[in-house]
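For reference, the chains in residue letters:
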Amino acid sequence: MAPGEKIKAKIKKNLPVRGPQAPTIKELMRWYCLNTNTHGCRRIVVSRGRLRRLLWILFTLTAVALIFWQCALLVASFYTVSVSIKVHFQKLDFPAVTICNINPYKYSVVRDLLADLEQETRVALKTLYGFPDNTSRKRREAESWNSAWEGTRPKFLKLVPLMAFSQDETGEVRDFLTGRKRKFSGRIIHKASDAMDVHASKEVVGFQLCSNDTSHCALYTFSSGVNAIQEWYQLHYMNIMAQVPLEKKINMSYSAEELLVTCLFDGVSCDARNFTLFHHPMYGNCYTFNNRKNETILSTSMGGSEYGLQVILYINEEEYNPFLVSSSGAKVIVHRQDEYPFIEDVGTEIEPAMATSIGMHLTESFKLSEPYSQCTEDGSDVPISNIYNAAYSLQICLHSCFQTKMVEKCGCAQYNQPLPPAANYCNYQQHPNWMYCYYELHQAFVREELGCQAVCREACSFKEWTLTTSLAQWPSVVSEKWLLPILTWDQGQQIKKKLNKTDLAKLLIFYKDLNQRSIMESPANSIEMLLSNFGGQLGLWMSCSVVCVIEIFEVFFIDFFSIIARRQWQKAKEWWARRHAPPGPQGQDNPGLDIDDDLPTFTSALRLPPAPGTQVPGTPPPRYNTLRLERAFSSQLTDTQVPPES
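For clarity, every value in this text was computed on a predicted model and none was experimentally measured. (Residues numbered from 1 in each chain as written. Predicted model: local features only at pLDDT ≥ 70, side-chain atom pairs only at ≥ 80, totals over all residues. Heavy atoms only, no water.)

Some thoughts on the pairing of strand E12 (residues 284-289)
Each regular strand shows side chains that alternate between the opposite faces of the sheet. Using the following cut-off: Only protein chains enter the calculation, and the probe is 1.4 Å; a residue is then buried if its accessible area is under 20% of its type maximum, exposed if over 50%, and partly exposed in between. In this text, helices come from DSSP runs of H or I with a minimum length of four residues, and strands from runs of E with a minimum of two, each type numbered from the N-terminal end. A pair of strands is considered paired only if DSSP assigns at least 2 bridges between the two.
With 6 of 6 residues buried, E12 is to be regarded as a mostly interior element. The pairing of strand E2 (residues 96-101) with E12 spans 4 bridges and is classified as antiparallel. By the bridge assignment for E12, Thr98 is matched with Thr288. Hairpin connection of strand E11 (residues 275-280) to E12: 3 residues between the antiparallel strands.

Now the structure itself:
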C-alpha cells in the first residue's frame, strides 16, 4: 500500500463511524446511540454497570410506550370531529316582520264564488246537527234526508261525500247526499292523534275519497264534526280559489291602507309605503316590514317596547268567512330578509281588542359542514329543487320535496305551496280525484316514506328569534271614548263605518336588548393542533424536536435500508460474477491473500505455499565479517585510555 493510502486508512479508522458508512446494523445502531439527541438511547450505550444500563432501558421503553399511547389518544380525538362553541354578544339590525289577516279575502267580495259551497255546507250542518234550527236529533233522523236537497243539485257533496257512521255499527255508513245507510268496505282513517285520549263519540263524521278508478276508497273521520266540516270545506275552497287569477285574488283581499291603521318605528312615523306586498294562498295579502326589497335594512337605536315596531291593525271581523276561519285576529312572523315567511307554520296570532307585545331575542348559529355535521351551506348540494324565491332552509326543502312528489304522483300541485316549473294547481276539471292522491301522499310524508326527511339537511347558518309574548286589554274603557272616534276619523276614506274595539288590534315588536347571541362551531382538533400535540409529547418524554425526528427517519429508514440494499447488491454482483466467470484450471485458494488489500509482508510471504513446478532458490550464508566491530580511529585517544592497574 502506498504511504498516502496508509495514512488515509489510519485517519478513517480513527474517525467516528458515520451512519451511511457503517458496515453492519450493529455498528449503525451504536453510532446512532452515541450521536443522537434523544438522551435515553445515548445513556443506554454510555452508561457503566448493568443496573444503570437496565434502568435506562426501562426508562426509555416506558417513555416510548407513553408517546405511542398519547399519540393514539390525539389521533382518536382528531377523528372524533368534535367541536367547540364560542358565544359572544353584539348589536344587530331589525328583522323583517310579516303581518297577515287571518281571514284571507273579504267575504262580501268572494261570496259569489263560494255561494254553492256555502249552501251545501249549511244544508249538511242542518241535516246533521239541526243548524241553524234547534230540532232534536230524533226528529231530524225521522225526516227524509232527501227533503233537504229539494230544488238543489249538490255538486260538492257528490264529489266528496260527507258520511256519518256509528262506532257500534261496523261496515255501515250513512251518506249525507242520499240519507241512506250503505255498506262501506274501504279503509277508515281516523285523523285524530293516537297519543291523545279523545272522548269516544257514538257517531263519527268524515268524508270519502277515492282514487281515479274508484277501486280504492278511504273514509277520513275526525274526532269532532267541526273539524270534519272545516276540512271538507277547505278542500273545496282550494279547488275554487286555484282557478282564480292571482291579480283578482289580490284585489279581493285587504290592501295595506286598510290593514294598517297607524305605524311607528323607533319613534318615527311610518305608513303603508314601508311595507311590501306578499300574497299567501291561504292568508291572502300579507305585508312585510323591513323587507330585502327596501333600499336599506332598518335598525333600532335602543331596546325596549318604546323602540321597535308599533302598528294598529284593522281586523274587520264583519268580512270574515264563517266556515273557513273560526277565530279572528291577525298573524305575525319574524324572519330574515331573505327568508320565506311560513306564516301557516310558525306564525303568532294577534288577538283583537288587545295589545300584544312581542319581545325578541336573537340567536345566530353557525355550524361546521362535513365531516363535522351533515348541514349544507346554501342547499346547492341537496338534490331537491328550491321552488321558493328565498334562501335555503330545512323547511323550504321539505315543502319543495313534497310539492315535487305531488306533481310526480298526482299530476298537479297543492294550492298551499308555490308552483314548480311547468305545473298547475289541482282542480276538479283537470284532476277530479286529486284529493285522494294528496291524502295518501301526505300520510306517506308523515311516515317518512317519501325520503324527503332523509335527503333534506339543515342549513349551516341560520337565525332564530326567541319571542316573549304578553297581552293587555286595549283600548281601555276610559280611553276608548276618545281613541276610537279619532281612529275612525283618520280612516274615514278607507273605512266607512264607526270602529269598534273588536275591529282593532295593537301590535308591538321590539328587542328586549340589543345583544345578539352567536353560537359558532370551530374544530376542536386541527392539523396544526395535532402536530403541536405530537411535538409536545415528544419533547416532554424524549426531549425530541423536528431535527431529532428527521434524524430518526434518516437513520432508521434511509441508512438502515441502504445498508441492507448495499449488502444485497454486493451479493448479487458476486453471484452474477461467479455465474458468468470463464472456466479455468482448478486451483487452491490462498487464505493468506485474504488478510487485506496491502502487499504481502515478509512474515505473510513465508506462509505462502510454494508455486507448483518451481524451485525455491537457496539462500547464501551471511558474511560474518560484516558483523565484526571495527575501530573508527586508528589510535586510542589519550583522554580515553584506561590507566594500568598497579
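Description of the confidence of the model for the protein chain
Just so we agree on the cut-off: Known as pLDDT, the predictor's confidence for each residue is given on a scale from 0 to 100. Note on definitions: a residue-residue contact is assigned when non-hydrogen atoms from the two residues lie within 4.5 Å.
Here the protein chain averages 78 in pLDDT, and 74% of its residues register 70 or above. This stretch, residues 133-149, has a pLDDT under 50; its non-local contacts, to residues over four places away or in other chains, come to 28 contacts. Segment residues 193-200: pLDDT under 50, and 3 contacts once partners within four positions in sequence are set aside and those in other chains are kept.

Brief notes about the packing of helix H4 (residues 50-78) against helix H17 (residues 527-542)
Two packed helices can be described by the angle between their axes and the distance between those axes. We count it as follows: Orientation is described by lines fitted to C-alpha atoms, with helices fitted over the stretch in contact, and by angles between N-to-C directions that extend from 0 to 180 degrees. An angle below 35 degrees is treated as roughly parallel, one above 145 as roughly antiparallel, one from 65 to 115 as roughly perpendicular, and anything else as oblique. Each crossing gets its handedness from the near helix: less than a right angle anticlockwise from the far helix is left-handed, clockwise is right-handed. Note on residue categories: nonpolar means Ala, Val, Leu, Ile, Met, Phe, Trp, Tyr, Cys or Pro, charged means Asp, Glu, Lys or Arg, and polar means any other residue, Gly included.
At a minimum axis separation of 10 Å, H4 and H17 run at an interaxial angle of 165°. By the angle class used here, H4 and H17 are roughly antiparallel. The element H4 and its partner H17 pack so that their crossing is right-handed. Residues Ala63, Val64, Leu66, Ile67, Gln70, Cys71, Leu74, Val75 and Phe78 of H4 pack against Ile527, Leu530, Asn533, Phe534, Gln537, Leu538, Trp541 and Met542 of H17. Grouping the constituent residues of the contact of H4 with H17 by class yields 14 nonpolar, 3 polar and no charged.

Details of the UniProt feature "transmembrane region" (unreviewed entry) in the protein chain
Rules: UniProt positions are given in the numbering used here, feature names are shortened, and annotations may be inferred rather than shown by experiment.
In the numbering adopted here, UniProt assigns the feature "transmembrane region" (unreviewed entry) to residues 54-79 and 538-564. Split by type, residues 54-79 is 96% helix and 0% strand. Its first and last C-alpha atoms lie 38 Å apart.

Notes on the pairing of strand E13 (residues 308-314)
Of all 7 residues making up E13, 7 are buried, and the element is well covered by its neighbours. Direction of pairing for strand E9 (residues 260-265) relative to E13: antiparallel, over a ladder of 5 bridges. Paired with Thr262 across the strands is Ile312, a residue of E13. Pairing of E13 with strand E18 (residues 504-511), which is carried by 7 bridges, proceeds in the antiparallel orientation. Within E18, the position partnered with Leu313 by the bridge is Ala505.

Digging into unusual backbone geometry
Cis geometry is found at the peptide bond from Glu370 to Pro371, where omega equals 5°. By secondary structure assignment, the location of Pro371 is in the loop between strand E16 (354-366) and helix H13 (394-410). Note the cis peptide between Trp474 and Pro475, where omega equals -15°. Relative to the helices and strands, Pro475 is located in the loop between strand E17 (461-473) and helix H16 (480-490).

Overview of the nonpolar core
To keep things clear, this is the line we draw: Working definition of a nonpolar core: buried Ala, Val, Leu, Ile, Met, Phe, Trp, Tyr and Cys residues. They are joined through side-chain atoms within 4.5 Å.
Counting 101 residues, the largest nonpolar core has Phe94, Ile99, Phe207, Trp232, Trp434 and Ile509 as its most contacted members. With 9 residues, helix H9 (residues 225-241) is the single largest residue contributor to this core. Listed in part, the 10 residues of the second largest apolar core include Val261, Ile312, Ala355 and Leu499.

Notes on the sheet that holds E12
In spatial order, the strands read E11-E12-E2-E14-E15; together these 5 strands make up an open sheet with antiparallel pairing. Among the strands making up the open sheet, the edge pair consists of E11 and strand E15 (348-350). Across this sheet, the average inter-strand angle for adjacent strands is 30°, counted without regard to direction.

Here's the deal with the pattern of salt bridges
Quick reminder of the rule: The term salt bridge refers to a side-chain nitrogen of Lys or Arg lying within 4 Å of a carboxyl oxygen of Asp or Glu.
For the structure shown, the criterion picks out 7 salt bridges. Close ionic contact of Arg447 with Glu449 constitutes a salt bridge, the shortest N to O distance being 2.9 Å. By relative accessible area, Arg447 is classed as partly exposed at 47%. Residue classification places Glu449 among the exposed residues on the basis of a relative accessible area of 53%. Linked by salt bridges that have partners in common, Glu370, Asp381 and Arg457 make up one network.

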